[in-house]
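One-letter residues, chain by chain:
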Amino acid sequence: MDLTLDSGVVSVVGRNGMGKTTLCNAIMGLVPVSSGSITFAGQQLVGLTPSRIAQLGIGYVPQGRRLWRSLTVDEHLRMVGAGRSGAWTIDRVYSTFPRLAERKTNGGGQLSGGEQQMLAIARALLVNPKLLVMDEPTEGLAPVIVNQVEEILLHIGEEDGIDVLVIEQNIGVATAVAERVGIMVNGRINRVIDSAQLATDRDLQQRLLGVGRHSEDDGRRQATTDTEGEAAPVPVQPAAQKIYLSNPVVPTRWSRPVPRRQIIQSARTVSGTTGPAAARGLPELRPLATPGEQVVIVAGTLDTKGEELRFMRDLIREAGLPVRMADLSTAGRHSGAEIPAHQIAAYHPRGASGVFSSDRGEAVAGMTLAFERWIRRQSGIAGIIAAGGSGGTAMVAPAMRALPVGVPKIIISTIASGDVSRYVGPADITMMHSVADVQGLNSITRQVLANGANALAGMVRARRDTQQQSGRDDRPAVALTMFGVTTACVRQIAAELESDHDCLVFHATGTGGQSVEKLVESGQLEGVIDVTTTEVCDMLVGVSFPRRKTASAR
C-alpha cells in the first residue's frame, strides 16, 4: 500500500477486515513488517521498538482505548506526563477536557465509553506528538458522544505542529475532520479523494464501502411530471424503500467488492417509508447536543471569515456556553467546523450538487436555502450569531427568521446601518453595524465582534434564567391587529380576554401583519382576531406583501 501524510489531517476508511488496524500497528512497531518501508520525518521506522517510535513524536490512540481499570484518570495522565515538557500539559488537558477534571479520581473502569475515549486521546496528547495516529476513535459510542469526539478531533486538527491520521469506519466523522480521505480495500489504499466528494458521492460509498441510500432517489424521480404545457404538480405518494445488502457473506481481508449490479438485483422492496425524514427525502439528522442541552450556533463562511468567527466562538465558550460552528462556505473545502459545509449542503432539495456550483450566485443561493432547511429541523438551539458582509448576511437571515421568536439572534454586518427590513422581516433579529469591514481582526473589529458575542451570551443566559424562574405562561396566546381607528375596539376586546388569554397586539402597517403570519406558522398562537383589515386591502391592490392571512388559512 502507498499512503503519504504531508500535513494536516488525513482519514482512512474501509470495511471490516481491510487492514486498517494492522496499518496502525505497523506504524507503531507493534507488528513486524515483511517488506516495504515506513518513514517519519525522514527516519525509517521499520525495525524500531514501539517505545522508540513514540519517542520520535508519534502518539497512538488504539482501538478499544486500552486503559487500566485500576488506575484513576489522574494517575493515567501523570504516568505519561511526568517529567515531560511541551505545549500539552496535564493542566491543559483538564482545561480542554473538563469532564476528565470532574472524574479525575475515578478509575478507568468507572468511566463511560466517551470518557474513556477522551482519556485515551488526552494520554496520547501528553506525549506532545508531531503525529497522532487514531484507530477507530468513535467505535461503539452513542451518536451524541460521537459528536463530542468529532468536536475534539476538529480541535486537535486546528493545533499547530500536530498532524493526525484517523482510521475510521464512520464516514460522517472521517469526512468532517479531514480534507482528504484514503479508501482502503483489501489491504491497499484504493484511492485518496477530497472528503467533500466522498461525503456527497453515494455511489462511491456504496461501491467501495458498502453503504448508501437509494430509496430517496427513487422517490425523488417520481415527485413531478412535466408536460409540454404547464408543469402540473403530482401528489407524491410515499415511495417504496429498497433494502440493499452490500455484503452477502461476512467479508474477509481477501474478499473482493461485491459488484454493484449484484447488489441492486438482490435488493428487496419494503412498502412505505421508515420515517418522516425518509418521506421528505432529507438526510439523517445529526443531533447538535445531548438531550436537554442547548447550544449556541456561530454561523458564517469560514473560508473568508474564519478568524473573526472563531474569535466570537472562543468568547462565547469562555462565557461557559456550549457552542458549535456552522460553515456556510461554498468552496467545498475542509474548514474544521463542527457542522461542516457539506453536511448543511445535503439539505438542499438537489443535495450538495445544488450548492457546490461554479456559479457563485447559484452557490450562495443554494447554501442559503440549504441552511434554512437545515435549521428548521434542528432543536436545542439556544442562540445564533453571524458576521459578514452583504452576501453573508443574506445567507444567514432566512435561517434566523425560521427560528422561534425569543431565541437570541445577532448579525454583525457591514449593511446594518441602512435599511435592514429585507433581512430582519417579522423576526426578532438584532443587527449590529460592524463599522469596519468584517475582514480580519483589528482594533475596531475586535471591539465590535466582542460586543456582539458577549451580548449574545448575556441574552442566552438571561433567557435561560427567566424560563427557569418564571416558568411557562399557560394562557393561550391570541393575536389582535390594531390601527388608529380600531384602537378603542382592540382595547375593549383585550380587556375582556386578558384574564384567561395572553393578548398580543400588532400594528397593522405591514410589518405587524408579517409578524402575525410568522407566529401562526411557528405554532405560537392559538387564535387571531383580525380586527384591522388595512393590510388585506393593501394586499388586494398590490401594495403589500402577498401572503397576508395565508398562514391562518393553512
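Residues numbered from 1 in each chain as written. Predicted model: local features only at pLDDT ≥ 70, side-chain atom pairs only at ≥ 80, totals over all residues. Heavy atoms only, no water.

Chemist: Lay out the overall build of the chain with the relevant residues and their values.
Modeler: Along the chain, the regular secondary structure elements total 23 helices and 18 strands. Scored against the burial criterion, the 554 residues of the chain give a buried share of 45%. Across the chain, every contact between residues at least 6 apart in sequence was considered, and the portion connecting residues at least 24 apart equals 68%. Surface exposure of the chain reaches about 27,100 Å², of which carbon and sulfur atoms provide 50%. (Helix = DSSP H or I, 4+ residues; strand = E, 2+ residues; numbered from the N terminus. Buried < 20%, exposed > 50% of the residue type's maximum accessible area, 1.4 Å probe, protein only. Contact = heavy atoms within 4.5 Å. Areas by Shrake-Rupley, 256 points an atom, 1.4 Å probe, with all protein chains shown as cover.)

Chemist: Go over the side chain of His76, please, and point to the residues and values.
Modeler: By the secondary structure assignment, His76 is in helix H3 (residues 73–81). At 2.9 Å, the side chain of His76 and the backbone oxygen of Thr72 are in polar contact. (Polar contact = N/O pair within 3.5 Å; in protein donor to acceptor, adjacent residues only side chain to side chain.)

Chemist: Describe in detail the environment of Thr486, supporting the description with residues and values.
Modeler: Here Thr486 shows up in the loop between strand E16 (477–482) and helix H20 (487–497). Separated by 46 residues in sequence, Thr486 and Thr532 place their C-alpha atoms 6.7 Å apart. Polar side-chain contacts of Thr486 include one of 2.8 Å to the side chain of Thr532.

Chemist: Give a detailed account of the sheet that holds strand E11 (residues 295–300), specifying residues and quantitative values.
Modeler: Taken together, five strands build an open sheet; the order of strands is E12-E11-E13-E14-E15 and the sheet is parallel. Whereas interior strands pair on both sides, the edge strands pair on one side only; in this sheet they are strand E12 (323–327) and strand E15 (430–433). Pairwise comparison of adjacent strand axes, ignoring direction, gives a mean angle of 20° for this sheet. Pairing between strand E13 (residues 381–388) and strand E14 (residues 409–413): five bridges, direction parallel. Counterpart to Ala387 in the pairing with E14 is Ile412. (Pairing = 2+ DSSP bridges. Axes fitted to C-alpha atoms, helices over the stretch in contact; angles between N-to-C directions.)

Chemist: Talk me through the sheet that holds E16; I want residue IDs and the actual numbers.
Modeler: Judged by pairing direction, the sheet is parallel, and its three strands sit side by side in the order E17-E16-E18 without closing on themselves. Edge positions in the sheet fall to strand E17 (502–507) and strand E18 (527–529), since each has one partner strand and no second. On average, each strand axis in the sheet is tilted by 25° relative to the strand beside it, whichever way the strands run. The sheet contact formed by E16 and E17 spans six bridges and is parallel. By the bridge assignment for E17, Thr481 is matched with Phe506. Packing of H20 onto the sheet brings it into contact with E16, E17 and E18, and relative to E16 it is tilted by some 165°. Across the sheet, helix H21 (residues 511–521) lies against E16, E17 and E18, angled at about 140° from E17, the strand it touches most.

Chemist: Describe the packing of H3 against helix H6 (residues 113–125), listing the residues and the values that go with them.
Modeler: For the pair H3 and H6, interaxial distance at closest approach is 9 Å and the crossing angle is 20°. For the element pair H3 / H6, the angle class is roughly parallel. Between H3 and H6 lies a crossing whose hand is right-handed. Between H3 and H6, the contacting residues are Val73, His76, Leu77 and Val80 on the first element and Leu119, Ala122 and Arg123 on the second. (Parallel < 35°, antiparallel > 145°, perpendicular 65-115°, else oblique. Left-handed = near helix turned anticlockwise from the far one by under 90°.)

Chemist: How would you summarise the packing of aromatic side chains if you had to cite specific residues and measurements?
Modeler: The geometry of an aromatic ring pair is captured by the separation of the ring centres together with the interplanar angle, meaning the angle of the planes. Considering all chains together, one arrives at one aromatic pair under this definition. An angle of 15° between the planes, with centres 5.8 Å apart, marks the rings of Phe371 and Trp374 as stacked. Of the two residues, Phe371 and Trp374 are both situated in helix H16 (residues 360–376); the distance of three residues between them amounts to about one turn of the helix. Note on accessibility: Phe371 and Trp374 belong to one class, buried. Above the face of the Trp88 ring, Arg92 is positioned so that its terminal group lies 3.9 Å from the ring centre. (Phe/Tyr/Trp six-rings, centres within 6.5 Å; stacked < 30°, edge-to-face > 60°. Lys NZ or Arg CZ within 6 Å of the ring centre and 35° of its normal.)

Chemist: Explain the pairing of strand E7 (residues 180–185) to me, and be specific about the residues and the numbers.
Modeler: Taken across its six residues, E7 has five buried, putting it largely inside the fold. Across six bridges, E7 lies against strand E8 (residues 188–194) in antiparallel orientation. Bridge pairing links Arg180 to Asp194 in E8. Joining the antiparallel neighbours E7 and E8 is a turn of two residues, in which Asn186 adopts a positive phi near 55°.

Chemist: Report on H20, specifying residues and quantitative values.
Modeler: Along an α-helix, a turn takes 3.6 residues, which lines up residues three or four apart on a common side. Every buried residue belonging to H20 is among Thr487, Val490 and Ala494, and all of these are buried. The buried residues of H20 occupy an angular sector of 65° when projected down its axis, which confines them to one face. Of the exposed residues in H20, the ones pointing more than 90 degrees away from its buried face are Ala488, Gln492, Ala495 and Glu496. Contact partners of the buried residues in H20: E16 and E17. (Arc of directions from axis to C-beta.)

Chemist: Go over the environment of Glu498 with me, naming the residues and quoting the values.
Modeler: On the secondary structure map, Glu498 appears in the loop between H20 and E17. Exposure remark for Glu498: the relative accessible area of 47% places this residue in the partly exposed category. Each C-alpha atom of the pair Glu498 and Arg475 lies 9.1 Å from the other, and the pair is 23 residues apart in sequence.

Chemist: Tell me about the nonpolar core, residues and numbers included.
Modeler: Membership of the largest hydrophobic core comes to 38 residues, with the highest contact counts inside it found for Ile297, Ile344 and Phe371. Those elements that provide at least two residues to this core are E11, helix H15 (341–345), H16, E13, helix H17 (390–402) and helix H18 (421–424). In this structure, Ile344 is in contact with Ala326, Asp327, Leu328, Ile339, Met367, Ala370, Phe371 and Trp374, ignoring residues within four places of it in sequence. Phe97, Leu119, Leu125 and Ile152 belong to the second-largest nonpolar core, a separate cluster that totals 35 residues. (Core = buried A, V, L, I, M, F, W, Y, C linked by side-chain atoms within 4.5 Å.)

Chemist: Outline the pattern of salt bridges, listing residues and values.
Modeler: Applying the stated criterion across every chain, the model contains ten salt bridges. Put simply, Arg376 and Glu372 hold a salt bridge, and the shortest N to O gap is 3.0 Å. Taken together, the positions of Arg376 and Glu372, both in helix H16 and four residues apart, correspond to about one turn of that helix. (Salt bridge = Lys/Arg side-chain N within 4 Å of Asp/Glu carboxyl O.)

Chemist: Which residues make up H6, and what values go with them?
Modeler: With 13 residues, H6 should reach 18 Å at 1.5 Å per residue; the first-to-last C-alpha distance of 19 Å fits that figure. When you tally the buried positions in H6, you get twelve out of 13 residues, the bulk of the element. Those residues of H6 lying buried are Gly114, Glu115, Gln116, Gln117, Met118, Leu119, Ala120, Ile121, Ala122, Arg123, Ala124 and Leu125. (Expected span 1.5 Å × (residues − 1).)

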